[in-house]
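# Breakdown of the fold
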Amino acid sequence: MMLTRLKAPSEGKLAKQICKVVLDHFEKQYSRELGDAWNTVRERHAAPSQLFHTALLQVTETVGMLWYVLTSPSCWQHAVLLNRFNYPFELEKDLHLKGYHTLFQGSLPYYPKSMKCYLSRIPSRMPSERHQIGNLKKYYLLNAASLLPVLALELSDGEKVLDLCAAPGGKSVALLQCAHPGYLHCNEYDSLRLKWLRQTLESFIPQPFVNVIKVSELDGREMGDVQPETFDKVLVDAPCSNDRSWLFSSDSQKAACRISQRRNLPVLQIELLRSAIKVLRPGGLLVYSTCTLSKAENQDVISEILNSCSNMMPVDIKEMARTCSQDFTFAPTGQECGLLVIPDEGKAWGPMYVAKLKKSRTR
């Protein structure tokens with residue numbers, strides 16, 4: 001049940017294959033939700049070499065780029081987030097020489113000078129650094145869109161912040177590039193992912209900062225009862241149907257099972273948000289994010305929270321989209337408090353949905 005994507009004759013053997021079960025499901029759902037942004041042209045068979053350029057032309061010029069970029073790992077890009085706790089000055093010079101530029105060159109409403117992230121418009125990937133006990137890594141490779149929820153949180157020095165679903169730890173690391181929180185609580189319920197989180201923090205954060213970081217393995221849905229009105233800022237990077245990962249599922253039976261269970265995810269996401277609201281102090285900010293295009297897991301979840309929680313107010317983040325349009329492509333969400341980054345040619349970031357809410361000071 002695997003579908004090989006269209007490839008140029010020079011590409012050679014494919015490292016990944018698209019899962020037909022997932023692709024069929026995505027095409028049905030996203031062509032309805034996203035319209036023209038979702039490319040419904042599907043390569044059902046590997047095209048003969050003489051047809052390749054014609055097919056590619058149709059993909060790139062006639063229809064939207066979303067489908068093509070999302071299903072073509074060779075188009076994917078990786079941003080380089082520099083670690084301010086072990087700053088790689090020589091690497092930064094090298095990135096400049098290679099044509100990399102800093103992310104968010106526009107004037108974002110909130111962008112701390114201590115955060116430095118570089119990217120190239122040409123698809124490329126630097127080698128990952130190995131984890132070595134006692135040695136801090138110099139950089140973190142990530143999907144640049146994953147920095148948007150971190151920046152939307154607008155973390156300031158001394159604040160108490162909760163990363164409710166923190167593994168693998170990239171957003172926690174990014175938060176610490178922004179400010180010196182008074183307390184950072186990183187929670188992860190999955191035991192295997194928790195080990196990954198601990199290793200990530202150990203690789204990037206110096207010992208003095210470890211004293212202000214707590215790592216826990218709690219069910220995020222119970223956090224609200226454990227620590228009510230404790231945090232100034234809360235990030236809920238919720239479990240979701242990770243579109244990029246699911247498209248390349250190696251086991252079609254597991255993929256079919258995931259698809260059947262997908263309808264249950266919004267219930268979990270809403271429960272996590274309700275818990276996050278409880279731990280948030282009055283006047284505090286909550287940012288919700290996913291790495292899926294699914295309206296049911298994005299806009300619908302936030303609409304349910306706003307309709308059922310009278311103490312939560314939407315925060316307009318349209319300015320972030322306007323400022324970031326040079327580096328990201330956004331799809332309409334119909335919400336002033338929500339953004340949706342979709343992969344595009346030369347801007348192969350996302351999918352990433354970001355929504356920002358504020359807890360009212362009055363009960």
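Quantities reported herein were computed from a predicted structural model and do not represent experimental measurements. (Residues numbered from 1 in each chain as written. Predicted model: local features only at pLDDT ≥ 70, side-chain atom pairs only at ≥ 80, totals over all residues. Heavy atoms only, no water.)

### Overview of the pairing of strand β15 (residues 352–359)
We apply this condition: Whether a residue is buried, partly exposed or exposed follows from its accessible area with a 1.4 Å probe, protein chains only, as a fraction of its type maximum: under 20%, in between, or over 50%, in that order. Numbering of helices and strands runs from the N terminus; a helix is a DSSP stretch of H or I covering at least four residues, while a strand is a stretch of E covering at least two. Whether two strands pair depends on DSSP finding at least two bridges between them.
The buried fraction of β15 amounts to seven of the eight residues, a majority that puts the element mostly inside the structure. The pairing of strand β11 (residues 280–290) with β15 spans six bridges and is classified as antiparallel. By the bridge assignment for β15, Ser-289 is matched with Val-354. Where strand β12 (residues 312–314) and β15 come together, three bridges link them in antiparallel fashion. Paired with Met-312 across the strands is Lys-359, a residue of β15. Here strand β14 (residues 338–341) pairs with β15 via four bridges, running antiparallel. Opposite Leu-340, over in β15, you have Tyr-353 as the bridge partner.

### Points about the nonpolar core
The criterion, for reference: For this analysis, a nonpolar core means a set of buried residues of the types Ala, Val, Leu, Ile, Met, Phe, Trp, Tyr and Cys, connected via side-chain atoms within 4.5 Å. Contact criterion: two residues are considered in contact whenever any of their non-hydrogen atoms come within 4.5 Å of each other.
Core analysis: the largest hydrophobic core is formed by 53 residues, its most contacted members being Trp-38, Val-236, Tyr-288 and Leu-293. In terms of residue count, helix α12 (residues 265–279) provides more of this core than any other element does, six residues in total. When residues no more than four places from it in sequence are discounted, the contact partners of Leu-293 are Tyr-30, Glu-33, Leu-34, Trp-38, Leu-66, Leu-70, Asp-243, Asn-298, Leu-340, Ile-342 and Pro-351. Of all hydrophobic cores here, the second largest spans 51 residues; its members include Phe-85, Leu-142, Leu-153 and Val-354.

### A closer look at the packing of α12 against helix α13 (residues 299–308)
Condition: All axes here are fitted lines through C-alpha atoms, helices being fitted over the stretch that makes contact, and every angle between N-to-C directions spans 0 to 180 degrees. Note on terminology: angles under 35 degrees are roughly parallel, angles over 145 are roughly antiparallel, angles of 65 to 115 are roughly perpendicular, and the others are oblique. Here a crossing is taken to be left-handed if its near helix is turned anticlockwise relative to the far helix by less than a right angle, and right-handed if that turn runs clockwise. Lys, Arg, Asp and Glu make up the charged group, whereas Ala, Val, Leu, Ile, Met, Phe, Trp, Tyr, Cys and Pro make up the nonpolar group; the residues left over, Gly among them, are polar.
The geometry of α12 relative to α13 is characterised by a closest axis approach of 10 Å and an angle of 45° between their N-to-C directions. Here α13 runs oblique to α12, going by the angle between their axes. Here the hand of the crossing between α12 and α13 comes out right-handed. Contact with α12, carried on its side by Pro-266, Gln-269, Ile-270, Leu-273, Arg-274 and Ile-277, involves Val-301, Ile-302, Glu-304, Ile-305 and Ser-308 of α13 and no other residues of that element. Of the residues contributing to the contact of α12 with α13, the split by class is seven nonpolar, two polar and two charged.

### Quick look at the environment of Cys-178
Among the secondary structure elements, Cys-178 is positioned in helix α6 (residues 170–178). Take Cys-178: its relative accessible area is 8%, and that puts it in the buried class. Linking Cys-178 and Tyr-110, residues 68 residues apart in sequence, is a C-alpha distance of 9.8 Å. Not counting residues up to four positions away in its chain, the partners in contact with Cys-178 are Arg-84, Tyr-110, Pro-112, Ser-114, Met-115, Val-150 and Leu-151.

### Re the side chain of Gln-29
On the secondary structure map, Gln-29 appears in helix α1 (residues 20–34). Residue contacts for Gln-29: discarding those within four places in its chain leaves Arg-262, Ser-294 and Lys-295.

### Focus on the confidence of the model for the protein
Defined as follows: The predictor attaches a confidence to each residue, and that confidence, scored 0 to 100, is pLDDT.
Per-residue pLDDT for the protein has a mean of 86; in total, 88% of the residues score no lower than 70. Confidence drops under pLDDT 50 across residues 1–14; counting only partners more than four residues distant or on other chains, this segment forms 41 contacts. Every residue in residues 40–63 is under pLDDT 50, and counting partners more than four places away or in other chains gives 35 contacts.

### A few points about the sheet that holds strand β6 (residues 139–142)
Reading across from one edge, β4-β5-β3-β6 is the order of the four strands in this open sheet, with antiparallel pairing throughout. The sheet terminates laterally at β4 (101–102) and β6, the two strands that pair on one side only. Examined bridge by bridge, strand β3 (residues 79–82) and β6 share four bridges and lie antiparallel to one another. Looking at the pairing, Leu-81 lines up with Tyr-140 of β6. Most of the contacts of helix α4 (residues 89–97) go to β3, to which it runs at about 150°, and overall it touches β3, β5 (117–119) and β6.

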